[in-house]
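Summary of the model geometry
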Amino acid sequence: MEEEQPDLPCRINAEFRIGREQVKLQVAFQSHSQKASTIVPLLQTLTDKIVAAAVCELEAGGARISCGKGCSACCSQLVPVAEPEARYLLQLFETFSEERRARISRRYADIRSRLNDSKLLEKITDLATGADREARRRVGIDYFELGLPCPFLEEGCCSIHQHRPLSCREFLVVSPPEHCARNDPENVATVSLPRRASVVLYWFGDGRGEASARVVPLSLLFDWAAQHEAEEEPEFPVGDYCENFLRELTRPA
Ligand code: SF4
Ligand code: SF4
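Reference entry: report on the structure contained in this document. (Residues numbered from 1 in each chain as written. Chains lettered and ligands numbered in written order. Predicted model: local features only at pLDDT ≥ 70, side-chain atom pairs only at ≥ 80, totals over all residues. Heavy atoms only, no water.)

**Here's the deal with the site of ligand 1**
As a structural note, the neighbourhood of ligand 1 is formed by C67, C71, A73, C74, F171, V173, P177 and C180. The residue inventory of the shell around ligand 1, partitioned by class, reads eight nonpolar, no polar and no charged. (Near = heavy atom within 4 Å. Nonpolar A, V, L, I, M, F, W, Y, C, P; charged D, E, K, R; others polar.)

Structure follows, in structure tokens:
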């Protein structure tokens, strides 16, 4: 990876292989030092390229992606985001009109109250600080049972489609859409990706991928914001951050 420095802007050019696909990325930053939330759009582009490559390969083999506009049962799942994405979404939220923020906040409050009533709130909060795979699976199933659409879902469509989390970008299925609406994960065939950028990002609180995994449930985004409002988001040398991230992402599983 090349990084022009110390002159501004800082340009990142990367070319690497994921699975059978060669991926190229070019991006410019205003300065060498960046908060991880400002790197999120680059990771969105990267994720889109990885997903597109996987879909291309699947379709070449005759499979078809079932996902389409207005199909949204998957938006009632418990969606995990990494902390840089949480900050990115909160910054995005601040750019919305007062009316739009009020709509999202009302939906959010409703979800939170239903989670509280069902006693799931505490279990979901615990997931953020580490839980085993089976505990995560059980909470995910219980959450889906409640039928709580994401606060960003409006009239059956993602209202932040261009900015949606990495895990939403990565979740595509080849099984019939009606299976997604049932609480029946065994019969939902997801598109398999060599590595998931959404998951790699959980470990990048230190910019090197060596920190403990930190996950924010999207449906508790504003609770997380209230708990962390006093924290300053750290900055990282952007070239090192991207290089570390790509090394981890392309590492054989
Ligand atoms: S994952 Fe399932 S519910 Fe979501 S868009 Fe795809 S087919 Fe529709
Ligand atoms: S962010 Fe968008 S795509 Fe993701 S769960 Fe919410 S509404 Fe669905």
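Additional details are given in the paragraphs that follow.
**Some words on the pattern of salt bridges**
According to the stated counting rule, one finds 14 salt bridges in the structure shown. Of the charged contacts in the structure, one is a salt bridge between R103 and E99, with a shortest N-O distance of 3.7 Å. Here E99 and R103 lie together in helix 3 (residues 98-117), a separation of four residues that amounts to about one turn. For R112, the salt bridge identified is with D223, shortest N-O distance 2.6 Å. Taken together, the residues R112 in helix 3 and D223 in helix 9 (residues 221-228) connect sequence positions 111 residues apart. Counted as one network, the salt bridges with shared partners bring together E99, R103, R107 and E154. (Salt bridge = Lys/Arg side-chain N within 4 Å of Asp/Glu carboxyl O. Helix = DSSP H or I, 4+ residues; strand = E, 2+ residues; numbered from the N terminus.)

**Some details on the packing of helix 4 (residues 120-127) against helix 5 (residues 133-145)**
Here helix 4 crosses helix 5 at 140°, and the two axes come no closer than 10 Å. Taken together, the axes of helix 4 and helix 5 are oblique relative to one another. The crossing of helix 4 and helix 5 is left-handed. For the pair helix 4 and helix 5, the contacting residues are L120, K123, I124 and L127 in the first and R136, V139, D142 and Y143 in the second. Of the residues assigned to the contact of helix 4 with helix 5, the class counts are five nonpolar, no polar and three charged. (Axes fitted to C-alpha atoms, helices over the stretch in contact; angles between N-to-C directions. Parallel < 35°, antiparallel > 145°, perpendicular 65-115°, else oblique. Left-handed = near helix turned anticlockwise from the far one by under 90°. Contact = heavy atoms within 4.5 Å.)

**Section: the nonpolar core**
For soluble globular proteins, nonpolar side chains are generally found buried alongside one another. With 33 residues, the main nonpolar core has I39, L46, L201, F245 and L249 as its most contacted residues. Elements with a minimum of two residues in this core: strand 2 (10-18), strand 3 (21-29), helix 1 (36-60), helix 8 (197-200) and helix 10 (238-250). The greatest single-element share of this core, amounting to nine residues, is contributed by helix 1. Counting 19 residues, the second-largest nonpolar core is a separate cluster that includes L92, F152, L218 and L221. (Core = buried A, V, L, I, M, F, W, Y, C linked by side-chain atoms within 4.5 Å. Buried < 20%, exposed > 50% of the residue type's maximum accessible area, 1.4 Å probe, protein only.)

**Some points on the environment of Y202**
Note on placement: Y202 falls in the loop between helix 8 and strand 8 (215-217). Its relative accessible area of 11% is what places Y202 among the buried residues. Along the primary structure Y202 and E145 are separated by 57 residues, whereas in three dimensions their C-alpha atoms are 26 Å apart. When residues no more than four places from it in sequence are discounted, the contact partners of Y202 are P80, V81, A82, S212, A213, R214 and V215.

**Topic: helix 4**
Residues of helix 4 that are buried: L120, L121, I124 and L127. The arc that holds the buried residues of helix 4, viewed along the axis, is 115°, so those residues lie on one side. Those residues of helix 4 hidden inside the fold are in contact with helix 3, helix 5 and strand 8. (Arc of directions from axis to C-beta.)

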